[in-house]
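Below are the chains, spelled out letter by letter.
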Amino acid sequence: QHHQGWYGRETIEMYVNYARTCFEQFHDLVPYWIAVNQINLIFGESFSSLGMIMDEYEDFTAAKYQAVHHEFVANALLVRAAKAIDPQIQVGVMLADQMTYPLNSDPKACEQALEANRMKDYFYSDVQLRGEYPGYAKRYFKEHHITIQIEPGDAELIKENTMDFLAVAYYYSHCVDASGKKVANPFTNATQWGWTIDPTGLYIAMSSYWDRYHVPMMIAENGIGVEETLDSEGQIHDDYRIAYHREHIAQMRKLIEDEVELFAYTLWSPFDIVSGNSCEMEKRYGLIYVDVDNNGQGTRKLVKKDSYAWYQHVIETEGEEL
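We now turn to the structure provided with this report. (Residues numbered from 1 in each chain as written. Predicted model: local features only at pLDDT ≥ 70, side-chain atom pairs only at ≥ 80, totals over all residues. Heavy atoms only, no water.)

## Structural notes on the overall build of the protein chain
Moving on, step 1. Per the secondary structure count, the protein chain includes 9 helices and 11 strands.
Moving on, step 2. Computed over the C-alpha atoms, the radius of gyration of the protein chain is 21 Å, within 12% of the 20 Å expected from 2.2 N^0.38 for a compact globule of 322 residues.
Moving on, step 3. Taken over the C-alpha atoms alone, the protein chain extends approximately 65 × 55 × 45 Å along its principal axes.
Moving on, step 4. A total of 322 residues make up the protein chain; the buried ones form 50% of that total.
Moving on, step 5. Here the analysis covers contacts within the protein chain between residues at least 6 apart in sequence; of these, 68% occur between residues at least 24 apart.
Moving on, step 6. As displayed, the protein chain has an accessible area near 16200 Å², and 52% of this comes from carbon and sulfur atoms. (Helix = DSSP H or I, 4+ residues; strand = E, 2+ residues; numbered from the N terminus. Rg over C-alpha atoms; globule rule 2.2 N^0.38 Å. Buried < 20%, exposed > 50% of the residue type's maximum accessible area, 1.4 Å probe, protein only. Contact = heavy atoms within 4.5 Å. Areas by Shrake-Rupley, 256 points an atom, 1.4 Å probe, with all protein chains shown as cover.)

Below, the structure is given as structure tokens:
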């Protein structure tokens with residue numbers, strides 16, 4: 001019997017109790033709540049996402065999907081608890097967008113991209129926004145010999161307590177070939193960490209979600225990580241970051257013209273902080289430089305980069321002047 005992380009069903013009650021306490025204390029101050037940060041990152045970040053350790057499970061993949069089911073149940077209970085405390089509370093599902101293109105127009109590559117988009121993105125939001133396990137996921141589980149223990153009442157609970165909004169972390173897009181292997185997209189450039197710079201992808205991804213769900217949406221994370229050092233004047237001229245955000249915000253304007261209900265954009269991040277993805281301080285996302293290195297050494301001095309003043313102006317002009 002495992003009691004580890006979300007694989008243990010007893011985690012549901014503990015989490016809902018914690019959430020209920022937060023709702024009671026802060027509902028007057030906080031209108032929007034994200035239930036689970038980037039709920040779809042169960043493969044790259046299984047410990048930080050689910051609290052599970054690989055060598056404890058015979059079939060780790062199947063165990064992770066079981067754990068995600070427990071998150072779905074907890075999130076449905078959490079929605080129910082929130083509405084009982086204050087009907088105005090909005091609870092959302094958050095995805096780390098994994099939008100995937102086919103490498104070319106080979107139908108096999110297109111099918112691989114469809115499968116990737118479904119199982120890496122839509123599965124999680126389909127369950128929590130539409131209220132049921134989609135048929136393609138049931139087929140996928142059958143083909144991969146995955147059986148999910150769904151207790152009596154779980155399906156009804158998920159159906160009756162769907163989420164209010166969708167939050168998305170968008171950094172880059174993906175690309176697959178006809179065999180389903182991840183490949184570099186020949187039409188885009190990438191950062192030194194291999195993250196594709198693809199502003200158009202933001203428009204495509206958010207349009208796809210909107211067409212599918214018609215719920216309010218926010219871009220909860222968007223940014224570019226770069227190794228940076230202060231120049232001889234003690235400054236950082238980060239034109240590349242300004243360009244990255246300018247181009248992504250311009251895509252949001254197109255979404256708004258399409259009457260997409262986009263209610264927030266929170267860039268990652270105001271300050272340089274340790275990157276959750278690579279666990280490095282030196283992968284810097286901030287508008288403000290923090291003088292600390294990967295080993296925690298440095299003066300901790302804060303320096304505004306050029307992007308700081310630029311973004312300040314974007315806010316002042318409400319995005320009219322990029």
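Text resumes after the structure shown.
## Re the packing of aromatic side chains
Moving on, step 1. Applying the stated rule across the entire model yields 24 aromatic pairs.
Moving on, step 2. For the ring pair Tyr65 and Tyr140, a centre distance of 6.4 Å and an interplane angle of 70 degrees mean the geometry is edge-to-face. Residue Tyr65 is located in helix H3 (residues 60-85), and its partner Tyr140 is located in helix H5 (residues 135-143); the two are separated by 75 residues in the primary sequence.
Moving on, step 3. Judged by its relative accessible area of 2%, Tyr65 is buried.
Moving on, step 4. Ring centres 5.0 Å apart and planes at 70 degrees place the aromatic pair Phe123 and Tyr124 in the edge-to-face group.
Moving on, step 5. Put simply, the rings of Phe43, Tyr65, Phe72, Phe123, Tyr124, Tyr133, Tyr140 and Phe141 pair up and form one aromatic cluster.
Moving on, step 6. In this structure, Lys254 packs its charged tip against the face of Tyr203, placed 4.3 Å from the ring centre. (Phe/Tyr/Trp six-rings, centres within 6.5 Å; stacked < 30°, edge-to-face > 60°. Lys NZ or Arg CZ within 6 Å of the ring centre and 35° of its normal.)

## Side note on a negative patch on the surface
Moving on, step 1. On the surface, a cluster of negative charge is contributed by Asp211, Glu257, Asp258 and Glu259.
Moving on, step 2. Its location among the elements puts Glu259 in the loop between helix H8 (239-257) and strand E9 (262-265).
Moving on, step 3. For Glu259, a relative accessible area of 66% gives the class exposed. (Patch = residues over 30% accessible without salt bridge, like charges linked within 9 Å, V, L, I, M, F, W, Y side chains within 5 Å. Salt bridge = Lys/Arg side-chain N within 4 Å of Asp/Glu carboxyl O. Lys, Arg positive; Asp, Glu negative; His and termini not counted. Charge placed at Lys NZ, Arg CZ, Asp CG, Glu CD.)

## Overview of the sheet that holds E9
Moving on, step 1. Spatially, E1-E2-E4-E8-E9 is the arrangement adopted by the 5 strands of the open sheet, whose pairing is parallel. The sheet terminates laterally at strand E1 (32-34) and E9, the two strands that pair on one side only. Neighbour-to-neighbour, the strand axes of this sheet turn through a mean angle of 30 degrees, independent of strand direction.
Moving on, step 2. One ladder, built from 4 bridges, connects strand E4 (residues 165-169) with strand E8 (residues 217-221); its direction is parallel. The partner of Ala169 across the bridge, within E8, is Glu221.
Moving on, step 3. Contacts from helix H4 (residues 107-130) reach strand E2 (90-96) and E4 within the one sheet, and its direction differs from that of E2 by about 170 degrees. (Pairing = 2+ DSSP bridges. Axes fitted to C-alpha atoms, helices over the stretch in contact; angles between N-to-C directions.)

## Quick look at the pattern of salt bridges
Moving on, step 1. Using the criterion set out here, one finds 13 salt bridges in the structure.
Moving on, step 2. Notably, a salt bridge pairs Asp126 with Arg212, separated by 2.9 Å at the nearest N-O pair. Remark: Arg212 occurs in helix H7 (residues 199-213) and Asp126 occurs in helix H4; sequence separation between them is 86 residues.
Moving on, step 3. For Arg212, a relative accessible area of 25% puts it in the partly exposed group.
Moving on, step 4. A salt bridge links Arg241 to Asp238, with the nearest nitrogen and oxygen atoms 2.8 Å apart.
Moving on, step 5. Salt bridges here are not isolated pairs; linked through shared partners, they connect Glu228, Asp238, Arg241, Asp272, Arg284 and Lys305.

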